[in-house]
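# Descriptive analysis of the structure
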Amino acid sequence: MRVVSGLVRAARQSPGASARAPAPERPTVSGRMKRVVQAAVMMATLTCAAGIVSPPSASAQPAPAADVNGDGRVTVDDLESSVIQIQAAMSAGRVTSEGLTRAYLGRIKKYDDAPRLGPLGPPNAVLTLNRHAIAEARALDRARAAHPDRSPLYGVPVLLKDNIGTRDMPTTAGCRCLRDNRPGDDSVVVQRLRRAGAVILGKTNLDEFAVNTLGASSLGGLTLNAYSPGQSSGGSSGGSAVSVALAFSTLAFGTDTGGSVRTPSSWNSVVGVRPSTGVVSRTGVIPLALSQDTVGPIARNVSDAAIALAVIAGRDPADQATSAATKVALAQPVPHALKGAVIGVASNLNGDDPATRAIMDDSIRTLRRAGAIVRTVAVTPPRFESGSSFEIRPEIDAYLAGQAGPSARGKTLAELVNSGQSLLALDPRTPARLGVTDAQYRTQLVAHQRRIGSYRTHLTRLMDSAGLDAIVYPTTPGPPTGLAGDNVYIAPLSGMPAVTVPAGYRYGSGREVSGATGIEFLGRRFADSDLLSLAADFDRLHHARVRPVP
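Cut-offs applied
Residues numbered from 1 in each chain as written. Predicted model: local features only at pLDDT ≥ 70, side-chain atom pairs only at ≥ 80, totals over all residues. Heavy atoms only, no water. Helix = DSSP H or I, 4+ residues; strand = E, 2+ residues; numbered from the N terminus. Buried < 20%, exposed > 50% of the residue type's maximum accessible area, 1.4 Å probe, protein only. Salt bridge = Lys/Arg side-chain N within 4 Å of Asp/Glu carboxyl O. Polar contact = N/O pair within 3.5 Å; in protein donor to acceptor, adjacent residues only side chain to side chain. Contact = heavy atoms within 4.5 Å. Expected span 1.5 Å × (residues − 1). Pairing = 2+ DSSP bridges. Right-handed = clockwise from strand over helix to strand, strands pointing away. Phe/Tyr/Trp six-rings, centres within 6.5 Å; stacked < 30°, edge-to-face > 60°.

### Here's the deal with the environment of Leu349
When you line up the elements, Leu349 lands in the loop between strand S9 (342–345) and helix H11 (354–369). Here Leu349 falls in the buried class, since its relative accessible area comes to 6%.

What follows is the structure, encoded as structure tokens:
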């Protein structure tokens, strides 16, 4: 908390400052790290402004229809509509993809591109916008009648974390050192989204190279929490989570290596899905640790997230980890899935925070009200470190050699770090990570994958012995300080799927929201669809999310 408070003070003292620096992946804040954070704030203050790409004008002509709910006007209620509601409105002729795209772009321009919005500035969630989004949406409207079997995402505007490769926009990982990186092709995830007819609005800010949990990059600056700007937005997919929370798009996508989809989703009161490792291709995504990396959707409800996951999931011959993806049958969530389901409550993971404990108690009452059988279990978090400590250097080097665009400034991670344009240069962990040799990487990777398999076996046996359909615990068992805790590592270090769902809020002295907390559902490997059904039923009944201001 001291680190975050220091960052807020630094932001207030430096006009236009909007960046935080890397924080440790595990909660130990040293004096040295505090100095690193403060130095990063200064660096981002000097550099972030040049990285922002202004959105295209949303007022060049009268906006076509975006009145999803049919009340005769376009408000944030329309922009928070579900995918199913949007498709129904499009079929009824009240809404066009172009109209919805213009409405989202207008909201981004009003709130995210504003010079100042509150004492700390705008939320700073969107890094780059697709200048062709309106034209692409218009083309989809014209072709709509020719696609009677269209995807539920047809014409739906989405945002992407800026480590997910796109051929028509830079893919930067938030680093000024990659601001000119234009891959020759879309990532497999983006190819699937485009084939489904989704409109790519643009790219969101992230912790640089997806390393940390504060939402800061040298290119994009600091992303502010949607509910409490003085608190952390979370990371590394903070821009995506904040964008969904503030209705900048219908959906967004992030990546999750150690908690990077679920941490910011929890702290910004949205749904975040980490699928089983291997369900979604990583080809064309800037890696952090391929033993754990996955792309996952972020949404305002579980059903939308399930629709999005079904679109991007599937086998990719270029990504060996997806060879078993055909085992996963993804479908829309089954109604009333919690009735008769056996849910293990890992109360030992609640932590000491009174607000978190109260939120979890309320959530358990909802589970029981839904007809679930609740059993208390003890879950031991993983006792080994994330693979990012030894995987980041060789795997980013491989990306730069094989998937980056020809204009990428640097052929190795070391060159990027030493360019003077990366926040990683200020992270005290970076020298050790750059020092990992190829031989050490191969040896450690084998051992790490063995540990992941052993931990998954341990959790599966626990679920089998208690007859569990899922295990629940707080995603982040404390306030949004930038330190997520150990719970978020359970899923990535087992390869099992996890979904965080808004569960409740903590409040300040004036009853203002001072932080959000999600409940995480953990399921069996490749039982993603079953897990989403349980989470969707909880979301329907608990319905904790309230809209942030603005």
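### Examining the pattern of salt bridges
By the definition in use, this model includes 22 salt bridges. Between Arg194 and Asp186 there is a salt bridge, with the nearest N and O atoms lying 2.7 Å from each other. Accessibility expressed as a relative area gives 19% for Arg194, which makes it buried. One network of salt bridges, in which partners are shared, links Asp77, Glu80, Arg545 and Arg547.

### Remarks on the side chain of Arg274
Checked against the element boundaries, Arg274 lands in strand S7 (residues 271–274). Relative accessible area serves as the criterion here: at 0%, Arg274 is assigned to the buried category. Within polar-contact distance, the side chain of Arg274 engages the backbone oxygen of Asp256 at 2.7 Å. A polar side-chain atom of Arg274 sits 2.8 Å from a polar atom in the side chain of Thr277. Residues in contact with Arg274, not counting those within four places in the same chain, are Asp256, Thr257, Arg262, Gln292, Thr294, Ala491, Pro492, Met496, Pro497 and Ala498.

### Some remarks on helix H16 (residues 528–542)
For H16, with 15 residues, the first-to-last C-alpha span of 21 Å sits near the 21 Å given by 1.5 Å per residue. Burial runs high along H16: twelve of the 15 residues are buried. Those residues of H16 that fall on the buried side of the exposure criterion are Asp528, Ser529, Leu531, Leu532, Ser533, Leu534, Ala535, Ala536, Asp537, Phe538, Asp539 and His542. Note on H16: the residue one or two positions beyond its end, His543, has a positive phi of about 45°.

### Some words on the pairing of strand S2 (residues 157–161)
S2 sits mainly inside the fold: five of its five residues count as buried. Burial along S2 is two-sided: Pro157, Leu159 and Lys161 and Val158 and Leu160, pointing in opposite directions, are all buried. In the sheet, S2 pairs with strand S3 (residues 199–204) via five bridges, with the strands oriented parallel. Residue pairing in the sheet places Leu159 in a bridge with Gly202 of S3. Note on the crossover from S2 through helix H7 (residues 188–196) to S3: the handedness is right-handed. By the bridge criterion, three bridges tie S2 to strand S6 (residues 251–256) in an arrangement that is parallel.

### Focus on the packing of aromatic side chains
This structure, assessed with the given rule, holds four aromatic pairs. Taking 5.4 Å as the distance between ring centres and 50° as the angle between the ring planes, the aromatic pair formed by Tyr227 and Tyr505 counts as tilted. One end of the pair, Tyr227, is in the loop between strand S5 (221–222) and helix H8 (238–245); the other, Tyr505, is in strand S12 (residues 498–507), with 278 residues separating them in the sequence. The exposure class of Tyr505 is buried, given its relative accessible area of 9%. Pairing Phe390 with Tyr441 gives two aromatic rings, centres 6.3 Å apart and planes at 50°, and the pair type is tilted. Here Tyr441 lies in helix H15 (residues 438–466) and Phe390 lies in helix H12 (residues 388–402), a separation of 51 residues in the sequence.

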